[in-house]
Amino acid sequence: MRIHTVRELGSAVREARARHGLTQVDLARRAGVSREWLVRLEQGHARLEVQLVLDTLEAVGLTLTTADSEQFQQDETEAAWDEVFTTLADKPSTARPQRDETSDNG
């Protein structure tokens, strides 16, 4: 997932927390933050301590990776084409059966 804003980061944390079946209290305890702080993160508040954000991401099973924007775009494009070709390869053939030229139907 590509994240552009603190609000999107907060949404990603909230979704991961829900996927893991954690309450805000559970995740706050795991991350070593208060529930109120976690609420601010999930709501996308821009002024949060970065180390606590990283600790919270780790506690919910997310990682933060940085990438060169140009390389990331190229990798995304290649991944999209890979998905297209994989999907096409997995589909059963829709080609029409060849006609038997030896039959006398005609």
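Residues numbered from 1 in each chain as written. Predicted model: local features only at pLDDT ≥ 70, side-chain atom pairs only at ≥ 80, totals over all residues. Heavy atoms only, no water.

1. Some thoughts on helix α2 (residues 24–31)
In step 1: Among all positions in α2, only Q24, L27, A28 and A31 are buried. Looking down the long axis of α2, one finds its buried residues gathered within 100° of arc, a one-sided arrangement. Seen from the buried face of α2, the exposed residues on the opposite side, beyond 90 degrees, are R29 and R30.
In step 2: In this fold, the buried residues of α2 make contact with α1 (6–19), α3 (35–43) and α4 (50–59). (Buried < 20%, exposed > 50% of the residue type's maximum accessible area, 1.4 Å probe, protein only. Helix = DSSP H or I, 4+ residues; strand = E, 2+ residues; numbered from the N terminus. Arc of directions from axis to C-beta. Contact = heavy atoms within 4.5 Å.)

2. Considerations on α3
In an α-helix there are 3.6 residues to a turn, and that puts residues three or four apart on one side.
In step 1: Of the positions making up α3, those classed as buried are W37, L38, V39, L41 and E42.
In step 2: The inward-facing, buried residues of α3 abut α1, α2 and α4.
In step 3: Positive phi appears at G44, one or two residues downstream of α3, with a value of about 85°.

3. Remarks on the layout of surface pockets
One way to see where empty space is left: roll a probe the size of a water molecule over the atoms.
In step 1: One number sums up the size of the largest pocket: a volume of about 690 Å³.
In step 2: If you trace the largest pocket, you find 26 residues lining it, with M1, R2, I3, L64 and T65 closest to the centre.
In step 3: Elements supplying a minimum of two residues to the lining of the largest pocket: α1, α4 and α5 (69–90).
In step 4: Among the elements that line the lining of the largest pocket, the one with the most residues is α1, at 5 residues.
In step 5: Looking at the lining of the largest pocket residue by residue, the classes come out as 16 nonpolar, 6 polar and 4 charged. (1 Å grid on protein atoms, 1.4 Å probe; cavity = no way out; pocket = protein on both sides within 12 Å on 5 of 7 lines; lining within 4 Å. Points joined across faces, edges and corners; volume = space filled by probe spheres on them. Nonpolar A, V, L, I, M, F, W, Y, C, P; charged D, E, K, R; others polar.)

4. A short note on the packing of α3 against α4
In step 1: Between α3 and α4, whose axes approach to 12 Å, the crossing angle comes to 90°. Overall, the two elements α3 and α4 adopt an arrangement that is roughly perpendicular. For the pair formed by α3 and α4, the contact residues are W37, L38 and L41 on the first element and L52, V53 and T56 on the second.
In step 2: Here the contact of α3 with α4 is composed, by residue class, of 5 nonpolar, 1 polar and no charged. (Axes fitted to C-alpha atoms, helices over the stretch in contact; angles between N-to-C directions. Parallel < 35°, antiparallel > 145°, perpendicular 65-115°, else oblique.)

5. Considerations on the pattern of salt bridges
In step 1: Tallied over the entire structure, the rule returns 1 salt bridge.
In step 2: Linking E42 and R17 is a salt bridge whose minimum nitrogen-to-oxygen distance equals 2.6 Å. Placement of the pair is E42 in helix α3 and R17 in helix α1, with a sequence separation of 25 residues.
In step 3: The class of E42 is buried, set by a relative accessible area of 3%.
In step 4: By relative accessible area, which is 13% here, R17 ends up buried. (Salt bridge = Lys/Arg side-chain N within 4 Å of Asp/Glu carboxyl O.)

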